[in-house]
Amino acid sequence: MARLRGTGIAAVNYPTGMNLGGDPSQALIHATTSGSFNVVLAAADLGQGLRTVMAQIAAETLGVPYGQIVIQTADTDTGPHDMGTFASRATHRVGNAVKAAAIEAREAVLQLASEELEVSIADLVLDGRGGIQVAGSPQKRRDIADLASRAQFQYGRTIAGRGVYMKPKSDVDPETGAMDPDSTQAYACTVAEVEVDTETGAVAVLSIRSAYEVGQQVNPALVQGQITGGAWMGMSHALYETTEPCYPSRDHSPKDFAGYLMPGMAELPIIEAVVLEVPSSNGPYGVKGVGEMTANSPIPAIVNAIYHACGVRVDSLPVTPEAILRGLDALAQGKGAA
Amino acid sequence: MASVVVAFELGGRPVEVLVSPLATLQQVLRTQLGHTSVKDGCRQGGCGSCTVLLDGEPVLSCLLPVEDVAGRRVTTLEDLTPVDGLTTVQRAFLDANGFQCGYCTPGMELVTKALLERNPAPTRADIAEALSGNVCRCTGYVPIIAAVEAAAAAGSAAAVVASEGATR
Ligand code: FES
Ligand code: FES
C-alpha cells in the first residue's frame, strides 16, 4: 500500500459560442438627460462579470469614463433579443453588439459636435475622457455628457444606437462536406499532479497549472477568476460531483449538499495560470471567450495523472475511490489494460 | 397555532416581530425585516449562505426558529456595513476579487469576521476549518482564502497602530 504520485496533461480548443444554427445578440444604447449612457441588454450576468466588461466596451467605444455607463440586463420583456449567456459567447457576441450600438450612438454625438463646432465629423477626435475636440485644437472641445443632455432639451434629438452581432447559420455543403463551424478558437493546456492512495483509493489533487490563450482580455482580473473557479469545477467534476452512485436504489441519490459532494477549501490544490493574448479577428477589440473551457482541460489532465500514478485508466466520471480500487484489483489480477 | 411576538436585538437596535410559530430567523430577516444579505441557498443547513451572527457567533439562520433568538443579539452584514465605505473584511474581499456572483459572500464575510475576532492570525487550515460550512460555486475558493488572509493582515496592522497609539 502506497501513495503514488503522477502527472497528467490535457489541452482544449474552444469554439466560442453556438456556431451552427445562427447565433445573434442585440444591444440598444441611449443617452439619458444626465449625460450617462444606458446600455439595454437581454443577456444575463451570471456573476462572471458581464455587466463590468460590457460597460468597459461601451465606455471605450463612446470615449466616456466607465462610470458614465449604466448596464441594464436580463429582462427579456424590455431588452432586445439575445440567445443567452452560455457557451462562453457573451463577451464575444454581446460585446460585438454593444460595440456596434456604441458606434451608432457615437455618430449621433459627433454629428451634434460637428454642428456646434462648425467642422466636419472627419476633423473630430474623442479624447477618451468624455470629450470631443477638433483634431489639433484642444481648446475647441465639447463635453459628451453635456452634448447628450442638450440633445434632448435644446435640439429635441435622440442620442441612441442599435447593435447586433450574429454568427450566421452554417450548412454543410453537400458536394464538399465543408462548413464554417466556429467563430474564433481559444486554447488552453493544463498539467495536473495527483497523489493516489492505493489503500483507500482516494485521490488528492496537488496542483493544476494551465496556460491560456483567450484573445484580448477585457478585464484580466475577471479572466483569472474564471480560470481559477473553472479549475476547481473541473477537479470537482473529475473526482466528486455525481447524482450516482445511489445504492441500493435511486431513492438514495443525493438530494442536498451532504450527499452531493464537492471539494472544499481543505482539498484545494495549487491553482496557477498564465494567460497569453492573441487578438481574434472578429471579437470586439479582439476578444475570444473564456468561461466554460476553464472547466474542460483540468478533467482529462487529472484522469491522465491518475493513470500515470497508478496505472488505472478510468473512462467514466467521477473517479471515485471505488473506481480506483476496482482498477487496482483488475491490474493485480492481470486483467487491467495498464 | 396563534402568532407570537418575538423581541430581540438586531444590529444594536431592539426589534419586535409578529411571527407564525417555527418561522425561521432566515425568513423573518429576509421578508419581514428586509435584511436580504441573508441568503437563501438551501434551507437545510448545507450551504452557509444564510449565516448571521448570534451573540457574535456564526449560526445558520435557516435552521433557527426565530423564537430561539428572543432576547439575544443578531447581526447581519447590513448591520456591519458602514453608511460610507466598507469594513476591513469587505475591503479585503473586494480587493482580492473574493466573489463572482456574490451569493456566498455575506456568509463568508460574517464567518471571517467571527474567525478573526477569535483568532487574529489564522493559518490556512484554520481558515479552511472555519469556512468549511460555506459553499461557493463560482470562485474555486482561492481568492476567498486570499481575502481572509489579507483581512487578517490588515486587522493586525490596525491593531499595531492602535496599541502604539495607546502606549504613547
Ligand atoms: S440556506 Fe441555510 S445553510 Fe443553506
Ligand atoms: S461567488 Fe458565487 S457562490 Fe461564491
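Placed above this text is the structure.
Residues numbered from 1 in each chain as written. Chains lettered and ligands numbered in written order. Predicted model: local features only at pLDDT ≥ 70, side-chain atom pairs only at ≥ 80, totals over all residues. Heavy atoms only, no water.

Draft legend 1. Focus on the interface of chain A and chain B. Facing the 22 residues of chain A at the interface are 21 residues of chain B. Carbon and sulfur atoms make up 67% of the surface buried where chain A meets chain B, a total of about 1,500 Å² over both sides. Considering only the surface of chain A that becomes buried against chain B, A:Trp232, A:Phe257 and A:Met265 emerge as the three largest contributors, covering 41% of it. Across the contact surface, chain A and chain B share one salt bridge. A salt bridge links B:Arg137 to A:Glu241, with the shortest nitrogen-to-oxygen separation between them at 2.6 Å. Summed over the shared surface of chain A and chain B, the number is three residue pairs in polar contact (both at pLDDT 80 or more). Among the elements that make up the side of chain A that touches chain B, the one with the highest residue count is helix α4 (residues 220-239) of chain A (seven residues). Looking at the side of chain A that touches chain B residue by residue, the class counts come to twelve nonpolar, seven polar and three charged. (Contact = heavy atoms within 4.5 Å. Buried area = accessible area lost by both parts, 1.4 Å probe. Salt bridge = Lys/Arg side-chain N within 4 Å of Asp/Glu carboxyl O. Polar contact = N/O pair within 3.5 Å; in protein donor to acceptor, adjacent residues only side chain to side chain. Helix = DSSP H or I, 4+ residues; strand = E, 2+ residues; numbered from the N terminus. Nonpolar A, V, L, I, M, F, W, Y, C, P; charged D, E, K, R; others polar.)

Draft legend 2. Here's a closer look at helix α1 (residues 25-32) of chain B. Residues and elements named next belong to chain B. Of the positions making up α1, those classed as buried are Leu-25, Gln-26, Val-28 and Leu-29. Buried residues along α1 sit against β1 (4-10), β2 (13-19), β3 (51-54) and β5 (73-75). Immediately beyond the C-terminal end of α1, within one or two residues, lies Gly-34, with a positive phi of roughly 70°. (Buried < 20%, exposed > 50% of the residue type's maximum accessible area, 1.4 Å probe, protein only.)

Draft legend 3. Summary view of the packing of α4(A) against helix α5 (residues 298-310) of chain A. Residue and element names in this part refer to chain A. At their nearest, the axes of α4 and α5 sit 8 Å apart, and the two run at 50° to each other. Put simply, α4 runs oblique to α5. In this structure, α4 meets α5 at a crossing whose hand is right-handed. Together, Gly-230, Ala-231, Gly-234, Met-235, His-237, Ala-238 and Leu-239 of α4 and Pro-298, Ile-299, Ile-302 and Ile-306 of α5 make up the contact between the two elements. Of the residues contributing to the contact of α4 with α5, the split by class is eight nonpolar, three polar and no charged. (Axes fitted to C-alpha atoms, helices over the stretch in contact; angles between N-to-C directions. Parallel < 35°, antiparallel > 145°, perpendicular 65-115°, else oblique. Left-handed = near helix turned anticlockwise from the far one by under 90°.)

By themselves, these are just geometric observations and shouldn't be taken as functional.
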